[in-house]
Amino acid sequence: MTEVTIWGCRGSLAAPGEEFTGYGGNTSCVEVVAADGTRLILDAGTGIRGLGQMLNGTVRQYNLLLTHLHMDHLQGMGFFSPFFDSHAQVDLWGPASTTLSLRTRLARYLSPPLFPVTMRDLPCKLTLHEVPAAVFEIGPFRIITDLVGHVGPTVGYRIETAGSVIAYIPDHEPALGTVDFPNDTQWLSGYELAENADLLIHDAQFSRQEYQNCIGWGHSAIDDAFKFAEICNVKHLIPFHHDPNHTDDTITQMVNETTHSQVPEFEVTAAREGAVFKL
Amino acid sequence: MSQKPIELILARQLSSHLTMPIFIVDPRGDLLFYNEPAEKILGCRFNETGEMPAEEWSTMFTPEDLQGEAISPDALPLMIALSKRRPAHKRFQIKGADGISREIEVTAFPISEQADRFLGGVAIFWEISHD
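It should be emphasised that the depicted structure is a prediction, and the values quoted were computed from it without experimental measurement. (Residues numbered from 1 in each chain as written. Chains lettered and ligands numbered in written order. Predicted model: local features only at pLDDT ≥ 70, side-chain atom pairs only at ≥ 80, totals over all residues. Heavy atoms only, no water.)

Engineer: Kindly report on unusual backbone geometry, identifying the contributing residues and their values.
Structural biologist: Excluding glycine, most residues fall at negative phi; most peptide bonds, likewise, are trans. Residue and element names in this part refer to chain A. For the bond from Pro112 to Pro113, the omega torsion is 5 degrees, close enough to zero to count as cis. Here Pro113 shows up in the loop between α2 (102-109) and β6 (125-131). In this structure, the amide linkage connecting Val131 to the following residue, Pro132, adopts the cis form with an omega of 5 degrees. When you line up the elements, Pro132 lands in the loop between β6 and β7 (136-138). In this structure, Asp43 takes a positive phi of about 75 degrees despite not being glycine. Inspection of the secondary structure assignment puts Asp43 in the loop between β3 (39-42) and α1 (48-55). If you check the backbone angles, Val263 has positive phi at about 45 degrees while not being a glycine. With respect to the helices and strands, Val263 occurs in the loop between α6 (248-262) and β13 (267-268). Overall, the relative accessible area of 61% leaves Val263 in the exposed class. (Helix = DSSP H or I, 4+ residues; strand = E, 2+ residues; numbered from the N terminus. Buried < 20%, exposed > 50% of the residue type's maximum accessible area, 1.4 Å probe, protein only.)

Engineer: Quick one: what's the story with the packing of aromatic side chains, residue by residue and with numbers?
Structural biologist: Using the criterion set out here, one finds 14 aromatic pairs over all chains in the structure. Look at Tyr168 of chain A and Phe240 of chain A: their rings are 5.8 Å apart centre to centre, the planes differ by 75 degrees, and that puts the pair in the edge-to-face class. With Tyr168 of chain A in strand β10 (residues 165-169) and Phe240 of chain A in strand β12 (residues 236-240), this pair connects stretches of sequence that are 72 residues apart. Take Tyr168 of chain A and Phe240 of chain A: they sit in the same class, and that class is buried. Here the aromatic rings of Phe23 of chain B and Trp57 of chain B are separated by 4.8 Å at their centres, their planes lie at 65 degrees, and the arrangement is edge-to-face. Of the two residues, Phe23 of chain B sits in strand β1 (residues 22-25) while Trp57 of chain B sits in helix α4 (residues 54-60), which places them 34 residues apart along the sequence. A single burial state applies to Phe23 of chain B and to Trp57 of chain B, both of which are buried. The ring of Tyr23 of chain A has Arg272 of chain A lying over it, and the distance from NZ or CZ to the ring centre is 4.4 Å. (Phe/Tyr/Trp six-rings, centres within 6.5 Å; stacked < 30°, edge-to-face > 60°. Lys NZ or Arg CZ within 6 Å of the ring centre and 35° of its normal.)

Engineer: Could you give an account of the side chain of Asp146 of chain A, naming the residues involved and the relevant values?
Structural biologist: Structurally, Asp146 of chain A is set in strand β8 (residues 141-147). With no salt bridge to any partner, buried Asp146 of chain A finds its closest opposite charge in Arg117 of chain B, at an N-O distance of 4.8 Å. (Lys, Arg positive; Asp, Glu negative; His and termini not counted. Salt bridge = Lys/Arg side-chain N within 4 Å of Asp/Glu carboxyl O.)

Engineer: How would you summarise the interface of chain A and chain B if you had to cite specific residues and measurements?
Structural biologist: Contacts between the two partners involve 23 residues from chain A and, on the opposite side, 15 residues from chain B. Roughly 1600 Å² of surface becomes buried between chain A and chain B when both sides are summed, with 54% attributable to carbon and sulfur atoms. The largest share of the area that chain A buries against chain B comes from Leu147, Gln186 and Trp187 of chain A, three residues that together contribute 47% of it. For the pair chain A and chain B, the interface holds zero salt bridges. (Contact = heavy atoms within 4.5 Å. Buried area = accessible area lost by both parts, 1.4 Å probe.)

Engineer: Quick rundown of helix α5 (residues 222-231) of chain A? Include the residues and the values.
Structural biologist: Residue and element names in this part refer to chain A. Counting buried positions over the 10 residues of α5 gives seven, a clear majority of the element. Looking at α5, one finds that the buried residues are Ile222, Asp223, Asp224, Ala225, Phe226, Phe228 and Ala229. Two residues or fewer after α5 comes Asn233, characterised by a positive phi angle close to 60 degrees.

Engineer: Break down the pairing of strand β1 (residues 3-8) of chain A for me, with residues and values.
Structural biologist: Residues and elements named next belong to chain A. The element β1 is extensively covered by neighbouring structure, given that five of its six residues are classed as buried. Examined bridge by bridge, β1 and strand β2 (residues 29-33) share five bridges and lie antiparallel to one another. Looking at β2, one finds that Val4 is bridged to Val32. Across three bridges, β1 lies against strand β14 (residues 276-278) in antiparallel orientation. Directly across from Thr5, in β14, lies its bridge partner Val276. (Pairing = 2+ DSSP bridges.)

Engineer: Pulling in residues and values, what's your account of α6 of chain A?
Structural biologist: Residues and elements named next belong to chain A. Counted at 1.5 Å a residue, the expected span for α6 with its 15 residues is 21 Å, and the 21 Å between its end C-alpha atoms agrees. Among all positions in α6, only Asp248, Ile251, Met254, Val255 and Thr258 are buried. Within α6, the buried residues cover an arc of 135 degrees as seen down the axis, which keeps them to one side. The outward face of α6, more than 90 degrees from its buried face, is lined by the exposed residues Asp249, His260 and Ser261. Buried residues belonging to α6 abut α5 and β13. In the stretch just after α6, Val263 is the one whose phi turns positive, near 45 degrees. (Expected span 1.5 Å × (residues − 1). Arc of directions from axis to C-beta.)

Engineer: Outline the sheet that holds strand β3 (residues 62-64) of chain B, listing residues and values.
Structural biologist: All names here are of chain B. Strand order in the open sheet made by the six strands is β2-β1-β6-β5-β4-β3, with antiparallel pairing throughout. Edge positions in the sheet fall to β2 (31-34) and β3, since each has one partner strand and no second. Averaged over all pairs of adjacent strands, the angle between strand axes in this sheet comes to 35 degrees, irrespective of strand direction. The strands that helix α5 (residues 77-84) touches are β1, β4 (88-95), β5 (101-112) and β6 (118-127); relative to β6, the one it contacts most, it runs at about 160 degrees. (Axes fitted to C-alpha atoms, helices over the stretch in contact; angles between N-to-C directions.)

Engineer: How would you sum up the pairing of strand β4 (residues 61-65) of chain A? Please name residues and give values.
Structural biologist: All names here are of chain A. Among the five residues in β4, four count as buried, and that is most of the element. Bridge count for β3 against β4 is two bridges, and the pairing is parallel. Residue pairing in the sheet places Leu42 in a bridge with Leu65 of β4. In terms of handedness, the path from β3 via α1 over to β4 forms a crossover that is right-handed. As judged from the five bridges shared by β4 and strand β5 (residues 89-95), these two strands associate in the parallel manner. Within the sheet, the bridge partner assigned to Tyr62 lies in β5 and is Val90. (Right-handed = clockwise from strand over helix to strand, strands pointing away.)

Engineer: Give a detailed account of the pattern of salt bridges, specifying residues and quantitative values.
Structural biologist: Applying the stated criterion to the full structure yields 18 salt bridges over all chains. In this structure, the salt-bridge partner of Asp223 of chain A is Arg208 of chain A, at a minimum N-O distance of 2.9 Å. Of this pair, Asp223 of chain A sits in helix α5 while Arg208 of chain A sits in helix α4 (residues 208-211), and the two are 15 residues apart along the sequence. Accessibility expressed as a relative area gives 14% for Asp223 of chain A, which makes it buried. Of the charged contacts in the structure, one is a salt bridge between Glu103 of chain B and Arg91 of chain B, with a shortest N-O distance of 3.3 Å. Residue Glu103 of chain B is located in strand β5, and its partner Arg91 of chain B is located in strand β4; the two are separated by 12 residues in the primary sequence.

Written as structure tokens, this is what we have:
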């Protein structure tokens, strides 16, 4: 059995406050643990702080997979306690840009004035791997990466095990510029990552009305996330990357209304901090 | 048919919104897409032709120099962009699927992604008016 735990599902900016406690205010971080204990950490938003605290000292080897380097997916890195454990080995995957290596791009955050500790001063043993890359394996996981439609170099991950497929595409605007979304799978960003997935964790930041003023920002209207899940034939959609202005009531209402209007044939569960999905 | 790389998806989406005729091919030179403005010059609709092997489209759309002599496919900007992996530009005439010759200028460039994977080429072209 593979367990998927949500440690942060807020998009763009952490959202503290009692009206956000239901779904949680921490930004993107998802933990995936295989039956043999192999662990993947997807993104390093503020949610990774709590995960690092829970794991600290109990694990020696960490696999951290970043989709991209926007701050809401990176800001927790400096507060991930294994980075400061000299016994820890951290393997980190993330995208380079067309001109800068992953190391150089990460160092822009992990250096003054944005952060007091530089990457080279981290006590852990840190190994960087650039993506997108050929299919690679971590323990029982077979991992496929591909660039997806977002602003700047951004990948999605398809994580396969013997018994399940998880697709993680937290920041994605597949409808951008299309006139017939989502009819042609050949020309659909992210399709092969999500095809037939048991669990699709996907961007659903905006309502349809909000999206009209945010086209090109790299995020999806919730109804587009449902359409994407449908054409990809997924079994379970996890709307993710909740807008920092959306209260618990707003998110619940958006998901309920979209479910009511689209009547999906797949299961839908809005991402919620602390939620665990067993595959 | 497998999903196209994001760079080609975005190129197609952008070209669908532009008034400039645009033609997109894969690394082999096989046709992936051309937009509506290109249909007027090529003399047929993309929805009718669909994707085509290079051998097929290169005979449908006959390139000739300004004296009416056939141009070797290797000398076309798009093929230079594919083979040399650099931009190329040329003025010539093309006989469309409707049998009409039109004088055009073409600028073509290769598409390579950040890991230096070569994905194909794009030709932007426009008809020369002598009015």
